[in-house]
Every structure is written in structure tokens, then in C-alpha cells.
Amino acid sequence: MSEKAPPDKLVIKDLYKIFGPDPDGAMKLLKQGLSKDEIFAQTRATVGVQGANFSIREGEVFVVMGLSGSGKSTLVRMLNRLIEPTRGHIFLDGEDITQMSRKQLIEMRRRQMSMVFQSFALMPHKTVAENAAFGLNVSGRPDKEQRDSAIKALDTVGLAQFADSYPDELSGGMKQRVGLARALATDAPILLMDEAFSALDPLIRTEMQDELVRLQQHEAHTIVFISHDLDEAIRIGDRIAIMEGGSVVQIGTPEDIVTNPANEYVRSFFYGVDVSKVFNAGDIAEKKALTVFERPGVNVRAALAQLRDHNRSLAVVLERGNKFRGLVSTKTLARAESGGGEAKWDDAFIPGVAAAPQDMGLAEVLSLVSGSEHPVPVTGDDGVYLGIIDHKILLQTLDKTG
Amino acid sequence: MTMRDDFNIPIDEWVEQGVEWVQDNLTGVLDGIAEALTIVIDGFEDLLLAVPPLVLAGLIVAFATWRVGWRFGLFAAFSMVLLFGMQIWTETVSTLALVIGSSLLALVIGIPVGIAMARNNTVETIVRPVLDLMQTMPPFVYLIPAAIFFGLGKVPGAIATLVFAMPPAVRLTNLGIRQVSEENVEAGLAFGCTERQLLFKVQLPLAMPSIMAGVNQTIMLALSMVVIASMIGAGGLGNTVLTGIQRLDVGLGFEGGLGVVLLAILLDRITQSVGTDGRRSVKTGPAALIPRLWNTLRGRSN
């Protein structure tokens, strides 16, 4: 292969995958312009990916988005040849992955590319640390190096103290952190993430997305992320590729795609969904308000001082266990203080503020927020405070519908 | 009538000719197999009989208590008392040696065959009907050639037991490996496993509960062959039952039968405890011996 690849991390050229008995016959029909369905009817072959052409830049988060069956999983699995491409080339730093021998391929998987899976795919009989060290173990590194790198990776995802637990002792979010740590431990520059956060509940999912973005700022990996979730793609993607029926129909930054959708299919991703039905209060709540903890020593004066220090007019008061207690503002605090005698803490709360449960639909939240001059606090199970929704957050969310 | 008489596919003759051919041409091989089996099973029996009965019984009770629990330990102790009381200890040990010896052989052959089946569909297509044959052919039928090839005694008994007891080990190894989730296999490959590493680091450990269920079934089936195998002189508890039948001695027959049942319960519960104990057993229990042995062997060959 003498083709000179551009200085991108991964370059995908004319990549095809056809499943079934006669890929060559199906390729011919495909070249003649027949559709996926016609080809299936004639040859029983399924076109998985057709004519993919794009590059992934070093250090970017590249999201491959599409509905199920659009070929996104197949496309990503061809990058490390878990699925063998039928035609085409994939260049990693200029070297053609499709031409690698078995041995080179294994070496490439050990050093260059690691992967995170939707259902975590951890080994239940191994400890968290052993799971995280899996890639290094397979490469035959010394035990100490395995353990050290695993602990370091676990530390990065905040799970170092669980190193000697077993996966079944962890929650879903924690398991996926282990999955992520396993991928980080090998120091591979490329991370393939296959619907990595789709099996997690919405709150944990956002948390993991934020964590991934944070990780990315510290040590830049090139991340190829599969998702069917629009919100996720916009949140973490530097660029998004949208797939339909095995073809890549558009590639661009989230803004590009929102403002100039290439076709009706892409448009439907952004405009077809009624955001107010897709999201609920827990999805959009943000922890941007100042929080004051209610503990024995706290009083009106101290709280007021805290608000003034931070230059805020409003604060969320939390009691033990991060439970929502109420909202206070500089106004109500000042009123309570000037009320004469001992300033009563209980009098300082804004009256009539009720928290919205996290599963409240956006339509209801809308009427709550518009009917209140204060942000609406959102609570999860057992009244645990999750964040607030104010006018700005709500408008930004609704804006996604266009 | 004439039609029925004339139309004859002489399978009986072919089988006889086949048996004769084997007898004439493969005597050396047969003798070798017989020699090896005798060493394994007699060695096992001698070893178990060399231990003073009370010590062996104590060990069995202790093992049962450790693996299953104190209640089962009590049951094991009670069983030992019964076996001594019925004066069938020697027969029991002899049967135990035959069962463990032939089960071990069944596993040594069966598990690798199961692995090959799981990794290759052609192998599966070929092996599956053979397993069906082994499981459904009445054992008495292969008792005859076994006796012709190996004479009377423990060796043909062990061979017949082996044939009868091996299929579940093969089937459940195959099934266990095929049931390992696609993502786990992909994870193994994505992190750079070679085929061999995939097998030993991913597929076998995750298939272990299923494989252990197969081991348990193999041991149980081996035990159920005891009486039949004693018809060609395998001895042990089966012989006690057989003598009871021949002499119409109900009491003696029952004692032999009870011995088999007690042994079955002990072996079943103990092997099951190994299989169901989840990840701990895979790491530290007796089941860990299998992957550990593999690893040691591989370490040497490298």
C-alpha cells in the first residue's frame, strides 16, 4: 500500500461490509445502483456498511449516530476488525489496518485501540483491578505493572477504592467505569465506545458523559463513540457522523448538522422529536445554584454572608443526605434578619417552593417554571437534590426542537 | 413373506466382522489401553484402600462439611456409619475408585472434545450424532464388545462406564462456551487476545458453571452404570446387588443399592457445591484446578 494518508488519526476509504453468502455478487449489484432491499431480495446478502469515506482527527470525540440497523456498530467494529471489511481501507497513522497480518492486528489492538461495550462485558470471576488490567494481562506485562496501571486507571474514573471488589458488587454506572478504566489502562490512543452509556439510567449517563469530556481535557484520546441518542451526541461530540441504511449521510460539528441538515432523515433527528416529550426534569436539571448545608451551626446571618460572598441572590438549602430543604434568597434572609429579636432560620425560606420529581415531564416543568419567579428545584429518589431548572436552561432545551 | 426373508441388510455380520478385525489387528493397542486403565483404576483403588478406613471416612466427612455445610457433614458421617455397619466398605471404596477413575477419563476426553465442538461447527455436526448414539444405545449392547476386547474385569467396566458417562461433559462444555456472551468474546478480542488466550482467559472461565454441571452429571451417570458394569466383573457395590439378585437375597440386594444411593448423594452434593459456588470456586475451589492445571501445562510447553 503506497497510498499516502493525510495526517489524520484514522482515515476510512471506500469501506464496505456485506454480510451473507455472496459478498462479491452483492457488491456488483451495489455498483449497479441497486438498493439494500433489492440486493437482499436477489442474493440474501445484507449490506451492512456501504462506501464509507471519512477521517477522524487526532484527539477529537467523533460520534457515529444512527438508528439501530443503520450500520454504526458494524462500521466501528471494522476499525479494529472485530468485523472483517468486505472492501476498502482503514489507515491508522497511515498504516492500512485491513492489510495487517493476524499478528500485527493483535499487536495493534493491544497498543493502539481499546474498546468499551454497551453491556460492560466485564469478567464476573475477576476483581475490579484484574478486570481493569485485562488488556495488559493479555499483553503479558509483569504482574506489578498490570496492577499499578489498573489502579491508576481506576483512580482516574474514581474507583480505586473498589479495586478488590467484584463486578457484581457494583452498580451499573460503576461497572461501566471499570469498563472505561480497562480501556484506559492500556494507554491506547484510540478509544472505541459502543453505545457505552446507553445501558445506564439518564442521570448516571449525563454524569458519565461529563466525566468523559473531563477526561478528554486531561489526556486527549481519539474517541469514536457510537450513539443513538441525540442529546448524547451533541453533549460530547466534536463532530458527528450520521448513518442511514449503511451509508454515512452527513458529517459535521453538532452546530453544522443542526443548522444545515443534509437530508430529511438527518432533519428528523433534530426536528422530528418533540423535546418536551423526550426529556424529563432530571435530564435537564443543572447543579449551578449555590448550595447551603443545613447543619446545627448554620443561621440566617451565616447564610446571608455566604450568598454575598459568592455574589448570588439565591441559594438551595440542603439537609443531611443532600436532601432538598428549601430555597433562600438574599431578600428573604434579610427580611428574617430584620424581623427583630432572634432571627428565625425557618422564616428565611421562600414560601410555596415545591421541588419537581426527576421523572416529571418537560411539559409540566414548563408550566411550573413559567409560573414561578424562582428556578424550580428537582429532586430524585428520597428527596435527594439533583439540580435546578431556570428559564435559561428550559429555553436552551426547547431550542433544540428549532 | 419371501420378500421379508430375502431383503436383508447384514448389519449384524458387518459388526461381527468389524469386531473380529479389531481383535485380530489391534491387539497391541487394546492391550495398551487395558494396561493403562488397569494402572489408573487399580492404582486409585489401592490408594483409597491403603488409607485406614476410619481416616478415609473422616476425610470424606470433613470434605463434605467444608464444601457443603455442617448439616451435610452430619449426613456424611451417618452414611459412613451405615456403610461400615452393612460391612460393604471395601465394595464402596472399589466402586468409588471405578467411578472417579472412569469419570476422570471421561472428563479428560470429554472436555477437550466439547471445546473443539464449540469452536468448530463441522466438529459439532459430526460429534452430536455420536453423542446421541452413546447416550441412547442400551449399555448392555456395548458391554459385549467391551468384554470381547478386554476380557472380564474392571477395564471393560470402566470402558462401558466411560462411553455412557461422557456425553454430558461434552455437551455442557460445548453449550457453556457457546453461551458466553458475544460482547465478552468481543472484549477479549478487542484487547488483543490470541485464540488461545480467548479460550483460557474468557471462554473457559465464563463457561465454568456449565462445565461443572457437566462434571456433576458425568459422575452421576458413571455411578448409575455400577450395577451394569458389575455384570462383566467390575466388582464393587454392583456386585453386591448382582449377588442379591442371583440368590434372590432381598436384604443383600438392598444393602448394595443403599450403598450406591449414599455414594450418589455424597458425590452429587459435593460436586454441585463446586459448580454453583460462582466466582469463588473458580478462583479458589477445586474447580480452579482445571484452569490452573492448563496454565501450568502451558507454562511448561512454552
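Along each chain, the written sequence defines residue order, and numbers are assigned to residues from 1. Lettering of chains starts at A and numbering of ligands starts at 1, both following the order in which they are written. Note on the predicted model: pLDDT of at least 70 is required for a residue's local features to be given, and 80 or more for side-chain atom pairs to be given and counted; whole-chain, interface and lining totals, by contrast, use all residues.

### Section: the overall build of chain A
Each helix and strand counted, chain A has 18 helices and 16 strands in total. With respect to the three principal axes, the spread of C-alpha positions in chain A is 90 × 55 × 35 Å. Long-range pairs, those at least 24 residues apart, make up 65% of the contacts in chain A between residues at least 6 apart in sequence. Secondary structure elements follow DSSP: runs of H or I no shorter than four residues count as helices, runs of E no shorter than two count as strands, and numbering proceeds from the N terminus. Once C-beta atoms are placed from the backbone, any two residues with those atoms within 7 Å are in contact.

### Observations concerning the nonpolar core
Working definition: the nonpolar core is a set of buried Ala, Val, Leu, Ile, Met, Phe, Trp, Tyr and Cys residues, joined through C-beta atoms within 7 Å. Between the buried cut of 20 or more and the exposed cut of 12 or fewer other C-beta atoms within 10 Å of a residue's own C-beta lies the partly exposed class, and all C-beta atoms are placed from the backbone. Of all hydrophobic cores here, the largest spans 154 residues; its most connected members are Ala132, Leu154, Ala181 and Val224 of chain A. Other than its neighbours up to four places away in sequence, Val224 of chain A contacts Ile56, Phe62, Val64, Val76, Leu79, Leu192 and Met193 of chain A.

### As for the confidence of the model for chain B
Where the model shows low pLDDT, its predicted coordinates should not be examined in detail. Residues and elements named next belong to chain B. Put simply, chain B has an average pLDDT of 85, and 89% of its residues get 70 or more. Each residue carries a pLDDT value, the predictor's own confidence for that position, ranging from 0 to 100. Summarising per-element confidence for chain B, the mean pLDDT is lowest in helix H15 (residues 278-283) (44) and highest in helix H10 (residues 182-190) (93). Ignoring residues within four places in sequence, the model shows residues 278-288, a span with pLDDT below 50, making 19 contacts including any to other chains. Predicted as a complex, the structure gets a pTM of 0.71 and an ipTM equal to 0.72.

### Brief notes about the interface of chain A and chain B
Size of an interface, as often reported, equals the accessible area lost when the parts are brought together. On the chain B side, the residues contacting the 18 residues of chain A number 16 residues. Residues were grouped as follows: Ala, Val, Leu, Ile, Met, Phe, Trp, Tyr, Cys and Pro as nonpolar; Asp, Glu, Lys and Arg as charged; and all remaining residues, including Gly, as polar. The residue makeup of the side of chain A that touches chain B, split by class, is 10 nonpolar, 6 polar and 2 charged.

### Some points on unusual backbone geometry
Residues and elements named next belong to chain A. Look at Asp93: it is not a glycine, yet its phi comes out positive at around 50 degrees. As for its position among the elements, Asp93 is in the loop between strand S4 (87-92) and strand S5 (95-96). Note on Asp93: 14 C-beta atoms within 10 Å, which makes it partly exposed. Positive phi, normally seen in glycine, also occurs at Glu195, with a value near 45 degrees. Relative to the helices and strands, Glu195 resides in the loop between strand S7 (190-194) and helix H9 (202-218). The buried category is assigned to Glu195, around which 20 C-beta atoms lie within 10 Å.

### So, helix H17 (residues 362-370) of chain A
All names here are of chain A. Along H17, the residues classified as buried are Leu362, Val365 and Val369. Down the axis of H17, the sector holding all buried residues measures 55 degrees, keeping them to one side. Exposed and facing more than 90 degrees away from the buried side of H17 are Ala363, Ser367 and Ser370. The arc in question is traced by the directions running from the helix axis to the C-beta atoms.

### Digging into the sheet that holds strand S3 (residues 61-65) of chain A
All names here are of chain A. By definition, two strands form a pair when at least two bridges between them are found by DSSP. Here we have 6 strands laid out as an open sheet, ordered S6-S7-S8-S3-S9-S10, and mixed in their pairing. Edge positions in the open sheet fall to strand S6 (113-116) and strand S10 (247-252), since each of these has one partner strand only. Across this sheet, the average inter-strand angle for adjacent strands is 20 degrees, counted without regard to direction. As paired strands, S7 and strand S8 (residues 222-227) are joined by 5 bridges and run parallel to one another. Counterpart to Leu191 in the pairing with S8 is Ile223. A fitted line through C-alpha atoms serves as each axis, taken over the contacting stretch for helices, and the angle formed by two N-to-C directions is quoted from 0 to 180°.

### Things to note about the domain arrangement of chain A
Once the domains are mapped, chain A shows domain 1 (57-89 + 97-275) and domain 2 (281-399). Inter-centroid distance (C-alpha atoms) of domain 1 of chain A to domain 2 of chain A is 36 Å. Where each domain starts and ends follows an automatic or database-derived domain assignment.

### Quick look at the sheet that holds S5 of chain A
To summarise the sheet geometry, strands pair through backbone hydrogen bonds and adopt either a parallel or an antiparallel arrangement. Residue and element names in this part refer to chain A. The strand order across the open sheet formed by 4 strands is S2-S1-S4-S5, and the pairing between neighbours is antiparallel. At either end of the open sheet lies a strand with only one pairing partner, and these are strand S2 (46-56) and S5. Inspection of the sheet shows S4 paired to S5 by 2 bridges, in the antiparallel sense. From the neighbouring strand, Phe91 faces S5, where its bridge partner is Asp96. Relative to the sheet, helix H3 (residues 72-79) contacts strand S1 (10-19), S2 and S4, its axis offset from that of S2 by approximately 60 degrees.

### Thoughts on the environment of Pro85 of chain A
All names here are of chain A. Relative to the helices and strands, Pro85 is located in the loop between H3 and S4. As for Pro85 and Pro167, which are separated by 82 residues in sequence, their C-alpha atoms are 34 Å apart. With sequence-adjacent residues up to four places away left out, Pro85 is seen in contact with Leu15, Tyr16, Lys17, Met78 and Thr98.

### Focus on the domain arrangement of chain B
Residue and element names in this part refer to chain B. If you check the domain split of chain B, you get domain 1 (7-49 + 87-301) and domain 2 (51-85). Across the contact, 11 residues belong to domain 1 and 14 residues belong to domain 2. Of all the secondary-structure elements, those providing two or more residues to the side of domain 1 that touches domain 2 are helix H6 (89-119) and helix H14 (250-276). The biggest single contributor to the side of domain 1 that touches domain 2 is H14, with 7 residues. The residue makeup of the side of domain 1 that touches domain 2, split by class, is 7 nonpolar, 3 polar and 1 charged.

### So, the environment of Ser102 of chain B
Within the secondary structure, Ser102 of chain B sits in helix H6. A sequence separation of 65 residues divides Ser102 of chain B from Leu37 of chain B, and the C-alpha atoms of the two residues are 8.7 Å apart.

### Considerations on the pairing of S7 of chain A
All names here are of chain A. Of all 5 residues that make up S7, 5 are buried, and the element is covered over most of its length. Bridge count for S6 against S7 is 4 bridges, and the pairing is parallel. Paired with Ser114 across the strands is Leu191, a residue of S7. With H9 bridging S7 and its parallel neighbour S8, the resulting β-α-β unit is right-handed. By definition, the crossover connecting two strands over a helix is right-handed if that path, from the first strand to the second, turns clockwise as seen with the strands pointing away from the viewer.

### Here's the deal with the environment of Arg171 of chain B
All names here are of chain B. You can see Arg171 is positioned in helix H9 (residues 154-178). Residues Arg171 and Ala64, spaced 107 residues apart in sequence, show a C-alpha to C-alpha distance of 28 Å. Once residues lying within four places of it in the same chain are set aside, the contact partners of Arg171 are Leu131 and Gly214.

### Some points on helix H4 (residues 53-67) of chain B
Residues and elements named next belong to chain B. The first and last C-alpha atoms of H4 sit 21 Å apart over 15 residues, in line with the 21 Å expected at 1.5 Å per residue. Those residues of H4 lying buried are Ala57, Val61 and Ala64. Each buried residue of H4 sits inside an arc of 60 degrees when the element is viewed along its axis, so together they form one side. Opposite the buried face of H4, at more than 90 degrees from it, the exposed residues are Val55, Leu59 and Trp66. Count one or two residues on from H4 and you reach Gly69, which has phi positive near 150 degrees. Expected helix span is computed as 1.5 Å times (number of residues minus one).

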